[in-house]
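What follows is the residue order along each chain.
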Amino acid sequence: MRDAAWSPPASAVLPTGPALAVDGLTGPVGTPLLHDISLNVARGETHVVLDGASFDATAPNEEALRRVRRRVGVVFDSSALVSRLTLLENVELPLVEHTTLNAAAVRSAAADLLREVGVRGDTERTPDTVSRLDRRRTALARALILEPRLLLVDEPGHGLDADAASELDDTLAALRQRYDCALLLCSQEVRYAFRSPNAVSVLAGGTIVEHGTLDALRASRSAAVRRLVDRRGAA
């Protein structure tokens, strides 16, 4: 897509190993919502976390936080686009913030990626003038523009009708392969567990009560897991 116009900054290249490794996470401090959370997501894998979770991250300095932002792409359930900017400008933002590419290269890379995620028509429109699906696609393009090692997607189908949600699911799967990144989906929709992810974690009461393959979920004796599986009619 971007050919010679763009390559990840050297500081974004990490040694081999998990794209995400969490060991014994409890927080936030004071009123923890998560308790002893541990999971690993390898590059190229798709991992689904069912239910909801809060994540509070602090960094010792701004540069450390910037390094994390270059390596991790995030798609929020609300899309979280900047309303006063065009779709194209929203996707350009990470390149402007984290690279030294000239304006023409930034615009070309952003336009190419918007086409790749399926945004059609005038990309000079603002988010309030396009469909919810196009807002979600734009947020996905913005999250991928730095070619992150890890892509976090919160409630990908939130607010979308069945056809639009299915179309976005297919786009996510294709882009995960295209960019060879780890994909971590957080959702309360059980259907994501049945789309052949590499692993599924079930979060209940702020802790992971089951982790593994879909077959492991089907065999689980956890009441919380059984309710999820039965909701799909897969018991």
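Residues numbered from 1 in each chain as written. Predicted model: local features only at pLDDT ≥ 70, side-chain atom pairs only at ≥ 80, totals over all residues. Heavy atoms only, no water.

Student: I'd like to hear about the overall build of the protein, residue by residue, with values.
Tutor: Assigned secondary structure in the protein consists of 7 helices and 8 strands. Buried positions account for 45% of the 235 residues belonging to the protein. Across the protein, every contact between residues at least 6 apart in sequence was considered, and the portion connecting residues at least 24 apart equals 69%. (Helix = DSSP H or I, 4+ residues; strand = E, 2+ residues; numbered from the N terminus. Buried < 20%, exposed > 50% of the residue type's maximum accessible area, 1.4 Å probe, protein only. Contact = heavy atoms within 4.5 Å.)

Student: Help me get a handle on the packing of aromatic side chains, residues and values and all.
Tutor: Across all of its chains, the model carries 0 aromatic pairs by this definition. Taking the ring centre of Tyr179 as reference, the NZ or CZ of Arg178 above it sits at 4.8 Å. Over the aromatic face of Tyr192 sits the side chain of Arg191, whose NZ or CZ is 4.3 Å from the ring centroid. (Phe/Tyr/Trp six-rings, centres within 6.5 Å; stacked < 30°, edge-to-face > 60°. Lys NZ or Arg CZ within 6 Å of the ring centre and 35° of its normal.)

Student: So what's going on with empty space enclosed by the protein? Which residues, and what values?
Tutor: Following the criterion strictly, the structure yields 1 cavity of 30 Å³ or more and no others. Considered as a void within the structure, the largest cavity measures approximately 30 Å³ in volume. Around the largest cavity, the lining residues are Val75, Arg136, Leu140, Val153, Pro156, Leu168 and Leu172. Within the residue set of the lining of the largest cavity, elements represented by two or more residues are helix H4 (132-144) and helix H5 (162-179). Tallied by class, the residues present in the lining of the largest cavity amount to 6 nonpolar, no polar and 1 charged. (1 Å grid on protein atoms, 1.4 Å probe; cavity = no way out; pocket = protein on both sides within 12 Å on 5 of 7 lines; lining within 4 Å. Points joined across faces, edges and corners; volume = space filled by probe spheres on them. Nonpolar A, V, L, I, M, F, W, Y, C, P; charged D, E, K, R; others polar.)

Student: Let's hear about the pairing of strand S8 (residues 207-212): which residues, and what values?
Tutor: A regular strand places its side chains on the two faces of the sheet in alternate fashion. Judged from the 5 bridges that link them, strand S7 (residues 199-204) and S8 form a sheet pairing that is antiparallel. Directly across from Val202, in S8, lies its bridge partner Glu210. (Pairing = 2+ DSSP bridges.)

Student: Describe H5, with residues and values.
Tutor: The terminal C-alpha atoms of H5, which comprises 18 residues, lie 26 Å apart, in line with the 26 Å expected from a rise of 1.5 Å per residue. The complete set of buried residues in H5 reads Ala164, Ala165, Leu168, Asp169, Thr171, Leu172, Leu175, Arg176 and Tyr179. All buried residues of H5 lie within an arc of 165 degrees about the axis, which places them on one face of the element. Those residues of H5 that are exposed and angled more than 90 degrees off the buried face are Ala162, Asp163 and Gln177. (Expected span 1.5 Å × (residues − 1). Arc of directions from axis to C-beta.)

Student: Can you tell me about the packing of helix H3 (residues 103-117) against H5, naming the residues and giving the values?
Tutor: Between H3 and H5, the shortest axis-to-axis distance is 10 Å and the interhelical angle comes to 130 degrees. Judged on the interaxial angle alone, H5 and H3 are oblique. Counted together, Leu113, Glu116 and Val117 of H3 and Thr171, Leu175, Arg178 and Tyr179 of H5 form the full contact between these two elements. When grouped by side-chain class, the residues that make up the contact of H3 with H5 number 4 nonpolar, 1 polar and 2 charged. (Axes fitted to C-alpha atoms, helices over the stretch in contact; angles between N-to-C directions. Parallel < 35°, antiparallel > 145°, perpendicular 65-115°, else oblique.)

Student: Which residues make up the packing of H3 against H4, and what values do they have?
Tutor: At a closest axis distance of 9 Å, the pairing of H3 and H4 adopts a crossing angle of 130 degrees. By the angle between their axes, H3 is oblique relative to H4. Of the two elements, H3 crosses H4, and the hand of that crossing is right-handed. Each of Leu113, Leu114 and Val117 in H3 lies in contact with H4, whose residues at this interface are Arg137, Thr138, Leu140, Ala141 and Leu144. (Left-handed = near helix turned anticlockwise from the far one by under 90°.)

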